[in-house]
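Listed below are the residues making up each chain.
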Amino acid sequence: MKNGSQYLQSLKTLKTKVYYKGQRLKNPYDHPAILPHVRTAGATYDLATDGKHDDIMTATSSLTGEKISRFTHLFWSVDDLVKKIAMLRLVGQETGTCFQRCVGLDAMNAIWSVTYDIDQAKGTDYHERFRKYLQKVQTEDLMVAGAMTDVKGDRSLPPWKQADPDLYVHIVERRDGGVVIRGAKTHITGVLNSHEILVMPTLGLPPEGADYAVTCAVPVDAPGVTLVFGRQTNDERKEEEGGIDCGTPFGVVGGECTILFEDVFVPGERVFMAGEGEFAGALVERFSSWHRANYGGCKAGNADVLLGATALLAEIHGTIANSTVKDKLTEMIHLMETNFAGAVGSSALATRLPSGNWLVDPLLANAVKQNVTRFVYQVARIAHDIGGGILSTLPADADFKNKEIGGLLEKYFAGKDGFSTTDKRKLCRYIEGMTSVATLVEALHGAGSPQAQRIVMLRQGNVPGKMRMARKVLGLAEPKAPERSKK
Ligand code: SF4
């Protein structure tokens, strides 16, 4: 396994093509806008190798028998799934933000299971190809991004009816040795500081859409791959000296990029689905279930840090002993533990797939994510409520450093005796960043928008079965078949 600094060194050997604010970046991994996200992913490597968290952060590979990072491990049991949620909470607590690496983990598990299903049905050899690929990922401890969301163009039309056929990633050429893909994926978490990209379809596909049913692995620096790093709220602050106004050394959300695939050749051994559209829906659903359950772990970990920052700020404000502040902190605890309980519950009720790995309960997993779309906003509201207007009006760090007014600002922004104004400002900036538009929108739309979860919940919720339960409990008669009208 790699530690954080070995991970960083390994990234620097890549020739990744990255654009940000109109410029191609020469050294993307050192850029102040990107470094915080690299640092956060680095924490997943450091925590797995520090010897203190082996039970949660590492596992034994089913492919090699070696000790590996849990971020490259298949879910072989309920215990593996519960430990994954514990791992996400731990890393969330250590970084206070999105550490990006779980998308690839869930993609690996989804592809493992679906390649097995395709091979069983069609006699292909995708599963064996993926086994070999996964062994490389585990042995080299690679960070793998999962790229599912297409740019989608006109959403009222399927991929093959778009005015521009490239608005969903698709196969443009099939050669003896592999396939050529074209298109773009967007909102892709952590891809810039990943070694590999697992490309997956974004929806189930009928035979007309076969060319859009493509799952494959692409090195992040493969010829034809370009990453465009997205903008975030207050991102200019990351480039300011000192960094206090930036709020966190770990960045806000997952450093998302748009990936452009310009006729990228993918050799056959890296292709895991090429036209089997009838399996694309299962791939999307399994990936989404695992990833939606995750949010009960990572967001609880993030909210632990946010709650701590909010309580510390209340202490500096001198309001921590106030009963209404205590009650609001209790509400934050209730919300985040509800999320966590759902994630653990969906893992505890997992079922075994034919491929051998275990799938979380999809109904509970989707309920977790639906809660996250609300609770993260509610937790942010409480942090704003307790923190006060200073969260949005605090003067710049440069003003506090100004020779003429810095002393006055120190005097007038002082809090409770014994606490530094600098720490107070750091807390304000952290809360500001972690309750910003980028954070909230990520909680709303990451792993699928709220409506996507509601569709699954209605399907899984068994409304007819519950109608039968109500009939039985209340002793209601079965409805009579309507009589035909007599002439
Ligand atoms: Fe992992 Fe959470 Fe970030 Fe998704 S949002 S990649 S589960 S930390």
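In what follows, the structure referred to is the one given above.
In short, a report on the structure. Note that the structure is a prediction, hence the values are computed from the model and not measured.

### Some points on the overall build of the protein
- Each helix and strand counted, the protein has 16 helices and 14 strands in total.
- Computed over its C-alpha atoms, the radius of gyration of the protein comes to 24 Å, within 12% of the 23 Å expected for a compact globule of 487 residues.
- Each principal axis of the C-alpha distribution contributes one length, and for the protein these read about 85 × 65 × 50 Å.
- Burial analysis of the protein (487 residues in total) assigns 54% to the buried set.
- Put simply, of all contacts in the protein between residues at least 6 apart along the chain, 77% involve residues at least 24 apart.
- When the accessible surface of the protein is summed, it comes to about 21500 Å², and 54% of that surface belongs to carbon and sulfur atoms.
- Counting 58 positive and 56 negative side-chain charges, the protein places the averaged centre of each group 5 Å from the other.

### Topic: the packing of helix 4 (residues 78-95) against helix 8 (residues 323-348)
- At a closest axis distance of 8 Å, the pairing of helix 4 and helix 8 adopts a crossing angle of 155°. Classified by the angle their axes make, helix 4 and helix 8 are roughly antiparallel. Crossing hand, helix 4 versus helix 8: right-handed. On helix 8, the residues touching Val-78, Leu-81, Val-82, Ile-85 and Arg-89 of helix 4 are Met-336, Glu-337, Phe-340, Ala-343, Val-344, Ser-347 and Ala-348.
- Taken together, the residues that form the contact of helix 4 with helix 8 break down as 9 nonpolar, 1 polar and 2 charged.

### Quick word on the packing of helix 7 (residues 280-317) against helix 9 (residues 362-387)
- Packing of helix 7 against helix 9 brings their axes to within 9 Å, and their N-to-C directions diverge by 15°. Comparing the axis directions of helix 7 and helix 9 gives the class roughly parallel. Where helix 7 crosses over helix 9, the two elements pack in a sense that is left-handed. Residue-level inspection shows Ser-289, Arg-292, Ala-293, Tyr-295, Gly-296, Lys-299, Leu-306, Thr-310, Leu-313, Ala-314 and His-317 of helix 7 in contact with helix 9, the latter providing Pro-362, Ala-365, Asn-366, Val-368, Lys-369, Val-372, Val-376, Val-379, Ala-383, Ile-386 and Gly-387.
- Partitioning the contact of helix 7 with helix 9 into residue classes produces 13 nonpolar, 6 polar and 3 charged.

### Section: the pairing of strand 10 (residues 225-229)
- Of all 5 residues in strand 10, 4 are buried; the element is thus mostly enclosed.
- Pairing of strand 1 (residues 18-20) with strand 10 involves 2 bridges; the strand directions are parallel. Considered in strand 10, the bridge of Val-18 is made with Leu-227.
- Relative to strand 11 (residues 257-267), strand 10 is paired through 5 bridges, and the arrangement is antiparallel. Paired with Val-228 across the strands is Thr-258, a residue of strand 11.

### Examining the nonpolar core
- Counting residues in each nonpolar core, the largest one holds 92 residues, and the members touching the most others are Ile-181 and Leu-198.
- At 10 residues, helix 5 (residues 102-122) tops the list of elements feeding residues into this core.
- Discounting residues that sit within four places of it in the chain, Ile-181 has contacts with Val-169, His-170, Ile-171, Val-214, Cys-216, Val-218, Phe-261, Glu-262, Asp-263, Val-264 and Val-266.
- Among the nonpolar cores identified, the runner-up in size contains 31 residues, and Val-253, Leu-391, Leu-427 and Cys-428 belong to it.

### Details of the site of the ligand
- Near the ligand you find Cys-98, Phe-99, Gln-100, Cys-102, Val-103, His-291, Asn-294, Tyr-295, Cys-298, Lys-299 and Glu-442, and these make up its full shell.
- When contributions to the shell around the ligand are tallied by element, the ones reaching two or more residues are helix 5 and helix 7.
- Its residues placed into classes, the shell around the ligand shows 6 nonpolar, 3 polar and 2 charged.

### Notes on the pairing of strand 5 (residues 144-147)
- Going residue by residue along strand 5, you find Val-144 and Gly-146 tucked away on one face and Ala-145 and Ala-147 tucked away on the opposite face as well.
- Bridge count between strand 5 and strand 8 (residues 196-199): 4 bridges; the pairing is parallel. Counterpart to Val-144 in the pairing with strand 8 is Glu-196.

### Some thoughts on the pattern of salt bridges
- Taken as a whole and judged by the stated rule, the model has 32 salt bridges.
- In this structure, Asp-125 engages Arg-129 in a salt bridge whose closest nitrogen and oxygen atoms are separated by 3.0 Å.
- Using a relative accessible area of 23% as the deciding quantity, one classes Arg-129 as partly exposed.
- As a salt-bridge pair, Lys-136 and Glu-140 come within 3.2 Å of each other at their nearest N and O atoms. Of this pair, Lys-136 and Glu-140 both sit in helix 6 (residues 126-140), 4 residues apart, which is roughly one turn of that helix.
- A relative accessible area of 32% means that Lys-136 is categorised as partly exposed.

### Brief notes about the packing of aromatic side chains
- Counted by the stated rule, this structure contains 10 aromatic pairs.
- Centroid distance Tyr-20 to Phe-229: 5.3 Å. Interplanar angle 70°. Geometry classified as edge-to-face. Separated by 209 residues along the polypeptide, Tyr-20 in strand 1 and Phe-229 in strand 10 bring together distant segments of the chain.
- Owing to a relative accessible area of 3%, Tyr-20 belongs among the buried residues under this scheme.
- Relative accessible area serves as the criterion here: at 5%, Phe-229 is assigned to the buried category.
- A centroid spacing of 5.0 Å and a plane angle of 85° characterise the contact between Phe-130 and Phe-272, whose relative ring orientation is edge-to-face. Of this pair, Phe-130 sits in helix 6 while Phe-272 sits in strand 12 (residues 271-274), and the two are 142 residues apart along the sequence.
- We classify Phe-272 as buried; its relative accessible area is 1%.
- Cluster of aromatic residues (ring-pair linked, three or more members): Phe-130, Tyr-133 and Phe-272.
- In this structure, Arg-89 is placed above the aromatic ring of Phe-340, and the distance from its NZ or CZ to the ring centre is 4.6 Å.

### Let's talk about a nonpolar patch on the surface
- A contiguous nonpolar patch, built from Tyr-19, Val-228 and Leu-260 and spanning about 200 Å² of accessible area, is present on the exposed surface.
- For Leu-260, a relative accessible area of 31% puts it in the partly exposed group.

### A short note on the sheet that holds strand 12
- One open sheet accounts for 4 strands, arranged 5-8-9-12; its pairing is mixed. The two strands at the open ends of the sheet, each matched to only one other strand, are strand 5 and strand 12. Within the sheet, the average angular offset between the axes of one strand and its neighbour, ignoring direction, is 20°.
- Contacting strand 5, strand 8, strand 9 (214-219) and strand 12, helix 6 runs over the sheet at an angle of about 145° to strand 12.

Analysis parameters
- Residues numbered from 1 in each chain as written.
- Predicted model: local features only at pLDDT ≥ 70, side-chain atom pairs only at ≥ 80, totals over all residues.
- Heavy atoms only, no water.
- Helix = DSSP H or I, 4+ residues; strand = E, 2+ residues; numbered from the N terminus.
- Rg over C-alpha atoms; globule rule 2.2 N^0.38 Å.
- Buried < 20%, exposed > 50% of the residue type's maximum accessible area, 1.4 Å probe, protein only.
- Contact = heavy atoms within 4.5 Å.
- Areas by Shrake-Rupley, 256 points an atom, 1.4 Å probe, with all protein chains shown as cover.
- Lys, Arg positive; Asp, Glu negative; His and termini not counted.
- Charge placed at Lys NZ, Arg CZ, Asp CG, Glu CD.
- Axes fitted to C-alpha atoms, helices over the stretch in contact; angles between N-to-C directions.
- Parallel < 35°, antiparallel > 145°, perpendicular 65-115°, else oblique.
- Left-handed = near helix turned anticlockwise from the far one by under 90°.
- Nonpolar A, V, L, I, M, F, W, Y, C, P; charged D, E, K, R; others polar.
- Pairing = 2+ DSSP bridges.
- Core = buried A, V, L, I, M, F, W, Y, C linked by side-chain atoms within 4.5 Å.
- Near = heavy atom within 4 Å.
- Salt bridge = Lys/Arg side-chain N within 4 Å of Asp/Glu carboxyl O.
- Phe/Tyr/Trp six-rings, centres within 6.5 Å; stacked < 30°, edge-to-face > 60°.
- Lys NZ or Arg CZ within 6 Å of the ring centre and 35° of its normal.
- Patch = residues over 30% accessible without salt bridge, like charges linked within 9 Å, V, L, I, M, F, W, Y side chains within 5 Å.

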